[in-house]
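Listed here are the chains, written in short residue letters.
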Amino acid sequence: DAGITQSPRHKVTETGTPVTLRCHQTENHRYMYWYRQDPGHGLRLIHYSYGVKDTDKGEVSDGYSVSRSKTEDFLLTLESATSSQTSVYFCAIRLDRSMNTEAFFGQGTRLTVV
Amino acid sequence: DAKTTQPPSMDCAEGRAANLPCNHSTISGNEYVYWYRQIHSQGPQYIIHGLKNNETNEMASLIITEDRKSSTLILPHATLRDTAVYYCIVTTGNQFYFGTGTSLTVIP
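Residues numbered from 1 in each chain as written. Chains lettered and ligands numbered in written order. Predicted model: local features only at pLDDT ≥ 70, side-chain atom pairs only at ≥ 80, totals over all residues. Heavy atoms only, no water.

Participant: Any chance you could explain the packing of aromatic side chains here in plain terms?
Facilitator: Two numbers describe a pair of aromatic rings. These are the distance of the centres and the angle of the planes. All names here are of chain B. Per the counting criterion, the structure on display carries 16 aromatic pairs over all chains. Relative to Tyr36, the ring of Tyr34 lies with its centre 6.5 Å away and its plane at 20°, an arrangement referred to as stacked. For the pair Tyr36 and Phe96, a centre-to-centre distance of 6.0 Å together with 85° between the ring planes defines the contact as edge-to-face. Here Phe96 lies in strand 9 (residues 96–97) and Tyr36 lies in strand 3 (residues 33–38), a separation of 60 residues in the sequence. (Phe/Tyr/Trp six-rings, centres within 6.5 Å; stacked < 30°, edge-to-face > 60°. Helix = DSSP H or I, 4+ residues; strand = E, 2+ residues; numbered from the N terminus.)

Participant: Honestly, the interface of chain A and chain B in this entry has me stumped. Any pointers?
Facilitator: Accessible area lost upon the coming together of the parts is a frequently used measure of interface size. Counting residues at the interface gives 23 residues for chain A, matched by 22 residues for chain B. Across the chain A to chain B interface the summed buried area is about 2000 Å²; carbon plus sulfur atoms make up 51%. Where chain A packs against chain B, one counts zero salt bridges. Counting across the interface, chain A meets chain B through five residue pairs in polar contact (both at pLDDT 80 or more). (Contact = heavy atoms within 4.5 Å. Buried area = accessible area lost by both parts, 1.4 Å probe. Salt bridge = Lys/Arg side-chain N within 4 Å of Asp/Glu carboxyl O. Polar contact = N/O pair within 3.5 Å; in protein donor to acceptor, adjacent residues only side chain to side chain.)

Participant: Which parts of the structure should I look at to understand the pattern of salt bridges?
Facilitator: Where charged atoms from two side chains of opposite charge come close, those side chains can pair. All names here are of chain A. What the rule picks out here adds up to five salt bridges over all chains. Residue Asp73 is joined to Arg22 by a salt bridge in which the shortest nitrogen-to-oxygen separation is 3.1 Å. With Asp73 in strand 8 (residues 73–78) and Arg22 in strand 3 (residues 19–25), the pair connects residues that are 51 residues apart, well separated along the chain. Here Arg22 falls in the partly exposed class, since its relative accessible area comes to 34%. Here Lys70 ties to Asp73 by a salt bridge, and the two come within 3.3 Å at their closest N and O atoms. The exposure class of Lys70 is partly exposed, given its relative accessible area of 40%. Through salt bridges with shared partners, a single ionic network connects Arg22, Lys70 and Asp73. (Buried < 20%, exposed > 50% of the residue type's maximum accessible area, 1.4 Å probe, protein only.)

Participant: I keep staring at the nonpolar core and nothing clicks. Help me out?
Facilitator: Residues and elements named next belong to chain B. Membership of the largest hydrophobic core comes to 22 residues, with the highest contact counts inside it found for Trp35, Leu73, Tyr86 and Leu104. Sorting the residues of this core by element identifies strand 2 (18–23), strand 3, strand 4 (45–50), strand 6 (61–64), strand 7 (70–75), strand 8 (84–91) and strand 10 (102–107) as the ones contributing at least two each. Counting residues per element, this core draws most heavily on strand 8, which supplies four residues. When near neighbours in sequence (up to four residues on either side) are disregarded, Tyr86 contacts Gln6, Leu20, Trp35, Tyr36, Arg37, Ile47, Leu73, Leu75, Gly101, Thr102 and Leu104. (Core = buried A, V, L, I, M, F, W, Y, C linked by side-chain atoms within 4.5 Å.)

Participant: What am I meant to see in the state of the cysteines here?
Facilitator: A disulfide bridge is the covalent bond that connects two cysteines by way of their sulfur atoms. Residue and element names in this part refer to chain B. Applying the stated criterion to the full structure yields two disulfides over all chains. The disulfide partner of Cys22 is Cys88, and the gap between their sulfur atoms is 2.1 Å. Handedness here is read from the sign of the S-S torsion; for Cys22 and Cys88, about -80°, the answer is left-handed. Residue Cys22 is located in strand 2, and its partner Cys88 is located in strand 8; the two are separated by 66 residues in the primary sequence. A relative accessible area of 1% places Cys22 in the buried class. The closest cysteine sulfur to the non-disulfide-bonded Cys12 is located on Cys22, 18 Å from its own sulfur. (Disulfide = S-S within 2.5 Å.)

Participant: What is the right way to read the side chain of His24(B) from this model?
Facilitator: All names here are of chain B. Take His24: it is sitting in the loop between strand 2 and strand 3. Taking relative accessible area as the criterion, His24 reaches 0% and is therefore assigned buried. In contact with His24, other than residues within four places in its own chain, are Lys3, Thr4, Val33, Arg68, Lys69, Ser70, Ser71, Cys88 and Val90.

Listed below in structure tokens is the structure:
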């Protein structure tokens, strides 16, 4: 699994509560990504980071924030969870942004907002 | 922003070659083509990538047309464990754009 750990693996939360998902890597890769996967949509990019304290938005960033205070950790926060954020969330890491560099994915976090 | 087009599903007999096509007609000159697969709800697994030359590794071969507008992923001897959703991706450097992929079913 390329040294990527996502936690928790499963979570059920109530609408309106804050939720934080964690992605931890042991590879010292510079780039880290958060994707969500929903039926019929493939994987869609939420946010990504290109270094400590350096982050940028992806195509579905509304309602999400991220932080990266250490190279190894990338946190995804839902400030006030909504039912539309029920999804499977995947973290990915990449050594650099060279187009000749593959990304490695974690095993996912299944989040249910009730 | 669909950068790639793939058939939604395909079947392949066990032991035969599986050929998965992908169209990427708007690919830029320096963009790579990547292939990933996802088994059940696991995290996507990297398979192979290439720029313009054909590539081969222990998992698969990638054939890219000369005009780079399409490619084919070849699994030379498909097994039941190759049943998965296969994603063809064009990367713009920072981001990987996933489509909905091709669901490959390997039939005994």
